[in-house]
Amino acid sequence: MLSERLLSKTIGLGATRLMRSKLTADTSVPAPKPGHEYLLYVHVPFCDVLCPYCSFTRFPFQEETARRYFKALRRELEMIRDLGYKPTSAYIGGGTPTILMDELVRTVDYVRELFPTVEEISSETNPPHLDRELLAGLAGKVQRLSVGVQSFDNALLKRMDRFNKYGSAEEIVERIQNVHDMFETFNVDMIFNFPGQTVGMIERDIDIFKTTGANQLTYYPLMASPGSEKLMQTCFHGQVDYRLEKELYHAIFDKMTASAAQGGAGFYATDIYTFAADPGAMIDEYVVDYGEYVAAGCGGYSFLGDEIYTNDSSLAGYIRRVEEGTMSVASKIDMGRANGKRYRMGRELFGLRLDNRAWARDFGRPVQRDLPVEYGYLKANGAFATDNADELTLTRAGRYLVLVMMRQIFIGMNTERDRQRTLLPPEERKMFTDSAERQVAAARAADASEGYYTY
Ligand SMILES: C[S@@+](CC[C@H](N)C(=O)[O-])C[C@H]1O[C@@H](n2cnc3c(N)ncnc32)[C@H](O)[C@@H]1O
Ligand code: SF4
């Protein structure tokens, strides 16, 4: 326990510092490097309602702006093509990419036209868009659809202001049952460790998930930036408490991987917190499969070598830059060689296996000697199931330690996004104060309707 808290604190402080970007005169990402494989990330930053826990770059939906945005997005994709990128896979994330289906379909078609090397496309969505007619335009073009559910507990959905806009747990289950067969991989995104969540509630959520027919589940640990933590406290009447996370995580892992005869889902773990019916399925965390990716869209992050290029996170700023004829890069993070290696170690272990032969090929010596402090810490805490010149794989204790490491890195990124948000023009900042007021009002209405902790 102490080792996890120490790890949390050390990496948390380091990640917050590391992820702080600096303004740059570069307006574009650099050209691709020969022999490197890239993923294309495309960001669509609009949502019908904003959720209190979320720090991603997203704005309340407004059709006219969104149409202008999609046009700029396609223009930025052309610029990425012109630089010579030949991505083999594309991930369209949000926000809610399906918010304007005609624009999304046009963008998907354009991605295929600009990048014939793209073999598979993944897109995110929200429950109201799970409709056969609406999704018909994506069938056969998008191989993996991922829907955000977070929880099948109606009281929790009300508290995070998703119940009214995105539907009750019963409605969501029915919607997934009706459409999951339209995509090779149908993923459900859930979150654990909301204040007040218990092992019993999580197990019930998994039992409900099993009835949906979806063949993949990503169960994120709650990753709250200091800004969203305050809002969560108000909406959930409870502190975000990472001490409960380990028990919840192990309960999820046990139930997702246990056989159906034992009451489990019978799925395989494909990374630290993604589970699939088929172990070869596309996984949710594109960071695992692809070390490097290039991003189009407002607030997008391009991970290229040891550098991270961040796109303008202001909607107006983003559109203006692209309409003026440049890519939208506004700031940059230089991780440096040592942190770049630490990130790679975390990323590979996140995918449950570090390829030590590839490590020695790239850095001249195996990871045990190349990152002795990081390796030694994990080793001393019983993290490795296999530890040799070929690979490192994880024990149960190791999986949780890697979750803690990655959670802190993602919180560092969320904290940076919060900071960027404070620098937005006043009219954009106001959208967030208005949304926060709405979120608190929804939580208050949930208090009145059911009291708290009545699960
Ligand atoms: C950024 S959203 C985009 C797709 C869609 N709008 C949705 O709500 O699912 C993708 C997923 O990220 C996860 N997520 C967002 N904020 C999170 C946080 N603070 N901690 C953990 N997971 C989070 C949620 O599970 C969410 O479904
Ligand atoms: S979780 Fe999804 S719907 Fe909620 S604010 Fe974030 S991106 Fe939007």
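Residues numbered from 1 in each chain as written. Chains lettered and ligands numbered in written order. Predicted model: local features only at pLDDT ≥ 70, side-chain atom pairs only at ≥ 80, totals over all residues.

Q: Even after reading the chapter, I still don't get the overall build of the protein, so can you show me in this structure?
A: The secondary structure content of the protein amounts to 18 helices and 18 strands. Here the protein has a C-alpha radius of gyration of 21 Å; the compact-globule value for 455 residues is 23 Å, and the two agree. With respect to the principal axes defined by its C-alpha atoms, the protein has extents near 60 × 55 × 40 Å. Looking at the 455 residues of the protein, the share that counts as buried comes to 47%. Considering only contacts in the protein between residues 6 or more positions apart, those separated by 24 or more positions represent 73%. (Helix = DSSP H or I, 4+ residues; strand = E, 2+ residues; numbered from the N terminus. Rg over C-alpha atoms; globule rule 2.2 N^0.38 Å. Buried ≥ 20, exposed ≤ 12 C-beta atoms within 10 Å, placed from the backbone. Contact = placed C-beta atoms within 7 Å.)

Q: Hey, could you run me through the site of ligand 1 in this one?
A: As a matter of local geometry, ligand 1 sits amid 19 residues, with Glu-124, Gly-148, Asp-189, Tyr-220 and Met-223 nearest to it. Of all the secondary structure elements, the ones that give two or more residues to the shell around ligand 1 are β5 (89–94), β7 (144–150) and β8 (185–192). (Near = placed C-beta within 6 Å.)

Q: Whenever I open this one, the site of ligand 2 confuses me. Can you help?
A: The environment of ligand 2 is made up of Cys-47, Leu-50, Cys-51, Cys-54, Phe-56, Arg-58, Gly-94, Gly-95, Thr-96, Asn-126 and Gly-148. Of the residues in the shell around ligand 2, the class split is 5 nonpolar, 5 polar and 1 charged. (Nonpolar A, V, L, I, M, F, W, Y, C, P; charged D, E, K, R; others polar.)

Q: When you look at the sheet that holds strand β18 (residues 391–394) in this model, what are you seeing that I'm missing?
A: Sheet strands pair via backbone hydrogen bonds, and the direction of the pair is either parallel or antiparallel. The sheet built from 3 strands is open, its strands ordered β16-β18-β17 with antiparallel pairing. For this open sheet the edge positions go to β16 (353–355) and β17 (384–387), each flanked by a neighbour on one side alone. Recorded for the sheet is a direction-independent mean angle of 10° between the axes of neighbouring strands. Its contacts with the sheet put helix α14 (residues 356–363) on β16 and β18, and the angle it makes with β16 is roughly 40°. (Pairing = 2+ DSSP bridges. Axes fitted to C-alpha atoms, helices over the stretch in contact; angles between N-to-C directions.)

Q: I tried to follow the nonpolar core on my own but got confused; where do I start?
A: Soluble globular proteins tend to pack their nonpolar side chains together in the buried interior. The biggest cluster of nonpolar side chains holds 123 residues, and the ones touching the most others in it are Leu-40, Ile-176, Leu-217, Tyr-293, Val-294, Val-402 and Leu-403. The dominant element in this core, judged by the number of residues it contributes, is helix α17 (residues 396–422), at 10 residues. For Leu-403, the contacting residues outside a window of four places in its chain are Pro-221, Tyr-249, Ile-272 and Tyr-273. (Core = buried A, V, L, I, M, F, W, Y, C linked by C-beta atoms within 7 Å.)

Q: Would you explain helix α3 (residues 101–114) in this entry?
A: Residues spaced three or four apart along an α-helix point in a common direction, a consequence of the helix completing one turn every 3.6 residues. Here α3 contains 14 residues, and its C-alpha end-to-end distance of 20 Å stays within 8% of the 20 Å for a straight helix at 1.5 Å per residue. Along α3, the residues classified as buried are Glu-103, Leu-104, Thr-107, Val-108 and Val-111. Buried residues of α3, seen end-on, are gathered within an arc of 135° and therefore sit on one face of the element. Facing away from the buried side of α3, by more than 90 degrees, are the exposed residues Asp-102 and Glu-113. (Expected span 1.5 Å × (residues − 1). Arc of directions from axis to C-beta.)

Q: I would appreciate a short explanation of the environment of Asn-178 in the present structure.
A: Of note, Asn-178 is situated in helix α7 (residues 169–179). Accessibility expressed as a C-beta count within 10 Å gives 15 for Asn-178, which makes it partly exposed. Counting along the chain gives 47 residues from Asn-178 to Asp-131, while the straight-line C-alpha distance between them is 7.6 Å.

Q: Where do I start with the pairing of β18 in this structure?
A: One face of the sheet, then the other: side chains in a regular strand alternate in exactly this way. Every second residue of β18 is oriented toward a common face, the buried set being Leu-392 and Leu-394 and the non-buried set Glu-391 and Thr-393. Inspection of the sheet shows β16 paired to β18 by 3 bridges, in the antiparallel sense. Residue pairing for β18: Asp-355 is matched across the bridge by Glu-391. In this sheet, β18 lies alongside β17 in antiparallel orientation, the contact comprising 3 bridges. Looking at the pairing, Thr-386 lines up with Thr-393 of β18. Taken together, β17 and the strand that follows it, β18, pair antiparallel across an intervening segment of 3 residues.

Q: Explain the packing of helix α2 (residues 63–83) against helix α12 (residues 315–323) here, please?
A: Between α2 and α12, the shortest axis-to-axis distance is 9 Å and the interhelical angle comes to 45°. Relative to α12, the element α2 is oriented oblique. Handedness of the α2/α12 crossing: left-handed. Residues Thr-65, Arg-68, Tyr-69, Ala-72, Arg-75 and Glu-76 of α2 form the contact with α12, whose own contacting residues are Leu-315, Tyr-318, Ile-319, Val-322 and Glu-323. Along the lines of polarity and charge, the residues of the contact of α2 with α12 split into 6 nonpolar, 1 polar and 4 charged. (Parallel < 35°, antiparallel > 145°, perpendicular 65-115°, else oblique. Left-handed = near helix turned anticlockwise from the far one by under 90°.)

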